[in-house]
Amino acid sequence: MGPIIPLFEISEEINLLIAFLIGLGFGIALEQAGFSSSRKLAGMFYGYDTTVLKVFFTASIVAMLGLVFLNDLGMIDMSIVYVNDYYIASAIIGGVIMGGGFIIGGFCPGTSVCAAAIGKIDAMYFVGGSLIGILIFGQTYPLWEKLHFAQHIGPVKLSDTLGVKDGLLGLIVIIAALLMFWIGEMAEKRFKREDISKEL
Amino acid sequence: MKARYILSIVLVSLGLIAAILPQNQNSSLELDAKQLLNEIQVENYVISIDEMANAMINDDPEYQLIDVRSKEEYEKFSLPGAMNIPFDQLFNEEWAPYIDQVARKNVFYCNGTTLASDAWMLTRQKGYKNNYILKGGLNNWYTTIIEPDEPTLTNGQEAMYDYQARLGAKQFFTGAGAADNSSNKKKAKKPVPRRKKKMVAGGCS
Amino acid sequence: MEKKGNKYMNPYLAGLLLGLVLLASFYLTGRGLGASGAMKSVVVSGVSAVNKDYAESSHYYSKYISDDKKPMKSWLVLEVFGVLVGGFISGAFSGRLKFKIEKSPKITNKKRIRLAIIGGALFGFGSQLGRGCTSGAALTGMATLSIAGYVVMMAIFGTAFALAYFFRKNWI
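By convention here, each chain's residues receive numbers from 1 onward along its written sequence. The lettering of chains begins at A and the numbering of ligands begins at 1, in the order of writing. Given that the model is predicted, a residue must reach a pLDDT of at least 70 before its local features are reported, and side-chain atom pairs must reach 80 or more before they are shown or counted; all residues, however, enter totals for whole chains, interfaces and linings. Only hydrogens and water are set aside when side-chain values are computed; all heavy atoms of the structure are taken into account.

### Describing the overall build of chain A
Looking only at helices and strands, chain A has 11 helices and 2 strands in total. Labels follow the DSSP assignment, with helices taken as runs of H or I lasting at least four residues and strands as runs of E lasting at least two, numbered in each case from the N terminus. The N-to-C order of helical and strand elements in chain A reads α-α-α-α-β-α-α-α-α-β-α-α-α. Overall, chain A is about 50 × 45 × 35 Å in size when its C-alpha atoms are taken along their principal axes. Partly exposed describes any residue whose relative accessible area lies between the buried limit of under 20% and the exposed limit of over 50%, with all areas from a 1.4 Å probe on protein chains only and scaled to the type maximum. For chain A, the residues scored as buried account for 63% of the 200 residues in total. We call two residues in contact when some of their heavy atoms are within 4.5 Å. Long-range contacts, defined here as pairs at least 24 residues apart, represent 66% of the contacts in chain A between residues at least 6 apart.

Here is the structure:
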């Protein structure tokens, strides 16, 4: 039964090796999707390229369905799998700040590392900027400490809050995502920018 | 074009299956029937009367007697130091720290062995460790400690030692000091360390 | 969309690939992907190298340093190192290795770099406040159906959409 490493107490070295291999797959998937291009990423917000939407939602749906099926086959103990801790204020405010960073800088941390790897100079500066941002947060932490821990809800799942099974909520998410894919593809036609798409 | 159409069909069908599936809760700690059968056959979940009596005389904090009979029966008679967790309340929240812990050996007992065995099997199946049952229950306790049979010469030296120990135990449990049964019902201390699943650290922290 | 040729993988196929990587991560380690956490490890070890006593007395940095654990020898750092190598392999495979500043022709390189640093700083700051970035909080959180994941995702994309108009010159 999974998750393998925590349950079978596998050595730290193997754990780190697996981390590297998973990162390798992560990097390849991001680069192949085109997430190493800031103008492609930014296209999401102007409608000329909705790759971000498609990749992002397809990936989370595949993983979500995978977890539901693994659970059904008795292959994973979901009570051990990490569920993000929810602090209302910091999640929303942090998310808003990140959204601003996304549209200004054109990357997010994962994609910037991937883009820097293939020589995008703007991505290298973005990574540097991220380190500065984290340093600023660390240096001014006393100012944010209270906000950081305000309104703690805990590691709560949306399905539990709504009182539905994971699989049923999954189906709803799938239908919503497919609708968005459809809108996204329409937007790509409507806001087509041949000049940009050619360069990407 | 239509990667999206293929994707839609596949995802919606998988989503429908996912929505229909019952959402079982797997627990990596729980035992399945086969594993449980193995544990039952090994029989190392039984504590003998002599071992228990010895532990009680020495006031060994490693052992905690748990009376799984009803409250009325417990109040009428119970072994010294035992706490009462009636069988039908076994999985009440309040008892969880007592039956699901790593600090000491819990010894379930009832009149015979049926309730205690059932309690052991249920807790073991949930993956709890450190629970045992008292061999033969109170009936066996009575015939072993309170009215021990005197061994004949053919029983050998060891049986004689056991007999002597039991007479001593009888003296301890029925002597003047032990007559006051009510004072024996001291409240069991709550064991602090609870068995915990290892949680995975995750996210970006 | 296929007129662009096959420079990049079909986005749905790439999404499937990314989803399988994420699922493998859950199955093997019980945790999802992450990126900003590794950057934090870099900052924490940097600060601790410059002034160890200060780092240990800070409420923030001290959470990530102790005698038996080195911030740079962590799961996320190795994973992000893998992203770096994986991105390079994929870029080499598809012939995309090239030093380049990507931006709208309407702005100068200098402006693009300045914006990248500001954007990065905001993202770095926000990821610490919001406990994870697009990978660790949004993508991973959405796969486990956690509320935090959906909230962070909506906050990030909602804000970016809302501000898109003001920064359009940088991109189109």
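Structure shown, so let's carry the discussion forward.
### Regarding the interface of chain A and chain B
Taken together, the contact pairs 32 residues of chain A with 29 residues of chain B. For the chain A and chain B pair, buried surface summed over both sides reaches about 2600 Å², with 61% attributable to carbon and sulfur atoms. In the sections that follow, a salt bridge refers to a side-chain nitrogen of Lys or Arg positioned within 4 Å of a carboxyl oxygen of Asp or Glu. If you look at where chain A meets chain B, you find 2 salt bridges. The shortest N-O distance in the salt bridge between E185(A) and K2(B) comes to 3.0 Å. For this analysis, a polar contact is any N or O atom pair within 3.5 Å, provided that within protein one partner can donate a hydrogen and the other can accept it, and provided that sequence-adjacent residues contribute only side-chain to side-chain pairs. Taken together, chain A and chain B are joined by 7 residue pairs in polar contact (both at pLDDT 80 or more). Residue assignment for the side of chain A that touches chain B shows that the elements contributing at least two residues are α1 (4–8), α4 (51–72) and α10 (166–190) of chain A. Each residue is assigned to one of three groups, with Ala, Val, Leu, Ile, Met, Phe, Trp, Tyr, Cys and Pro labelled nonpolar, Asp, Glu, Lys and Arg labelled charged, and all others, Gly among them, labelled polar. Across the side of chain A that touches chain B, the residue classes tally to 19 nonpolar, 5 polar and 8 charged. Buried area counts how much accessible surface, traced with a 1.4 Å probe, disappears from two parts once they are put together, with both parts' losses summed.

### Concerning the packing of helix α5 (residues 88–105) of chain A against helix α7 (residues 147–164) of chain C
How two helices sit against one another is set out by the angle between their axes and by the gap between those axes. Contact geometry of α5(A) with α7(C) gives a least axis separation of 7 Å together with a crossing angle of 40°. Between α5(A) and α7(C), the interaxial angle falls into the category oblique. The handedness of the crossing between α5(A) and α7(C) is right-handed. Of the residues in α7(C), those in contact with A91(A), I92(A), G95(A), V96(A), M98(A), G99(A), G100(A), F102(A) and I103(A) of α5(A) are V151(C), V152(C), A155(C), I156(C), F157(C), T159(C), A160(C), L163(C) and A164(C). Taken together, the residues of the contact of α5(A) with α7(C) break down into 14 nonpolar, 4 polar and no charged. Comment: axis = line fitted to C-alpha atoms, over the contacting stretch for helices; angle = value between 0 and 180 degrees taken between N-to-C directions. Just so you know how the angles are binned, under 35 degrees is roughly parallel, over 145 roughly antiparallel, 65 to 115 roughly perpendicular, and the rest oblique. Each crossing gets its hand from how the near helix is turned against the far one by less than a right angle, where anticlockwise is left-handed and clockwise is right-handed.

### A word on the domain arrangement of chain C
Residues and elements named next belong to chain C. Boundaries between domains were set according to an automatic or database domain assignment. What the domain assignment lists for chain C is domain 1 (33–98) and domain 2 (99–172). Between the C-alpha centres of domain 1 and domain 2 the distance comes to 20 Å. Between domain 1 and domain 2, the residue contacts involve 7 residues of the former and 10 residues of the latter. When the two sides are added together, the surface that domain 1 and domain 2 hide from each other amounts to roughly 640 Å², 50% of it contributed by carbon and sulfur. The largest per-residue losses of area from domain 1 upon contact with domain 2 belong to L33, S36 and K98, which jointly make up 71% of the total buried on that side. Across the domain 1-domain 2 interface, the total number found is 0 salt bridges. Taken together, the connections running from domain 1 to domain 2 amount to 3 residue pairs in polar contact (both at pLDDT 80 or more). Of the residues that constitute the side of domain 1 that touches domain 2, the class distribution is 3 nonpolar, 2 polar and 2 charged.

### Comments concerning the packing of helix α2 (residues 33–42) of chain B against helix α6 (residues 114–125) of chain B
Residues and elements named next belong to chain B. With their axes 11 Å apart at the nearest point, α2 and α6 run at an angle of 135° to one another. Here α2 is positioned oblique relative to α6, judged by the angle of their axes. Between α2 and α6 lies a crossing whose hand is right-handed. Packed against α2, whose contacting residues are L36, E39 and I40, the element α6 presents W120, M121, R124 and Q125 at the interface. Residues belonging to the contact of α2 with α6 are distributed by class as follows: 4 nonpolar, 1 polar and 2 charged.

### Focus: the interface of chain A and chain C
Each partner contributes residues to the interface: chain A has 129 residues there, and chain C has 121 residues. For the pair chain A and chain C, the summed buried surface comes to about 11100 Å²; carbon and sulfur atoms form 74% of the total. Connecting chain A to chain C are 4 salt bridges. Salt-bridge contacts for K120(A) lead to E102(C); the nearest nitrogen and oxygen are separated by 3.0 Å. The interface formed by chain A and chain C holds 40 residue pairs in polar contact (both at pLDDT 80 or more) in total. The element that contributes the greatest number of residues to the side of chain A that touches chain C is helix α2 (residues 12–33) of chain A, accounting for 19 residues.

### What about the packing of aromatic side chains?
All names here are of chain B. Any Phe, Tyr or Trp ring, taking Trp's six-membered ring, that has another such ring centre within 6.5 Å forms a pair; planes under 30 degrees apart are called stacked, those over 60 apart edge-to-face, and the others tilted. Under the defined criterion, the tally for this structure stands at 25 aromatic pairs over all chains. Between Y45 and W120, the aromatic rings sit 3.9 Å apart at their centres with planes inclined by 15°, giving stacked as the arrangement. With Y45 in the loop between α2 and β1 (46–47) and W120 in helix α6, the pair connects residues that are 75 residues apart, well separated along the chain. Classification of W120 as buried rests on a relative accessible area of 4%. For a Lys NZ or an Arg CZ to count as sitting over a ring, it must be within 6 Å of the ring centre and within 35 degrees of the ring normal. Directly above the ring of F91 sits K126, whose terminal nitrogen or CZ lies 5.3 Å from the centroid.

### Section: the nonpolar core
In plain words, nonpolar cores are sets of buried Ala, Val, Leu, Ile, Met, Phe, Trp, Tyr and Cys residues tied together by side-chain atoms within 4.5 Å. Grouped together as the largest cluster of nonpolar side chains are 111 residues, with contacts concentrated most on F45(A) and L18(C). If one sorts the elements of this core by residue count, α4(A) sits on top with 13 residues. Filtering out sequence-adjacent residues up to four positions away, F45(A) remains in contact with F102(A), I103(A), F157(C), A160(C), F161(C) and A164(C). One finds A53(B), Y63(B), L79(B) and A169(B) within the second-largest nonpolar core, a separate group that totals 21 residues.

### A look at empty space enclosed by the protein
Two kinds of site are reported from a 1 Å grid over the protein atoms alone, namely cavities, where a 1.4 Å probe fits but cannot get out, and pockets, open sets with protein on both sides within 12 Å along at least five of seven lines, and residues are called lining when an atom falls within 4 Å of a point. Grid points are joined across faces, edges and corners, and a volume is the space filled by probe spheres set on the points. The final tally for this structure, using the stated rule, is 2 cavities of 30 Å³ or more. What the largest cavity holds in volume is close to 140 Å³. Surrounding the largest cavity, 15 residues form its lining, F35(A), F56(A), C108(A), T111(A) and T134(C) being those nearest its centre. Elements represented by at least two residues in the lining of the largest cavity include exactly α2, α4 and α6 (109–117) of chain A together with α6 (134–143) of chain C. Empty space within the second largest cavity amounts to approximately 70 Å³. Along its surface, the second largest cavity is lined by Y82(A), N84(A), D85(A), Y87(A), S90(A), A91(A), G130(C), R131(C), A137(C), A148(C) and V152(C).

### Things to note about the pattern of salt bridges
The full count for this structure, using the stated rule, is 14 salt bridges over all chains. A salt bridge links K40(A) to D49(A), with the shortest nitrogen-to-oxygen separation between them at 3.0 Å. Residues K40(A) and D49(A) agree in their burial class; the two are buried. A salt bridge links E75(B) to K71(B); the shortest N-O distance between them is 3.4 Å. Remark: K71(B) and E75(B) occur in helix α4 (residues 71–76); sequence separation between them is 4 residues, near one turn of the helix. We classify K71(B) as partly exposed; its relative accessible area is 48%. Counted as one network, the salt bridges with shared partners bring together E185(A), K2(B) and R4(B).

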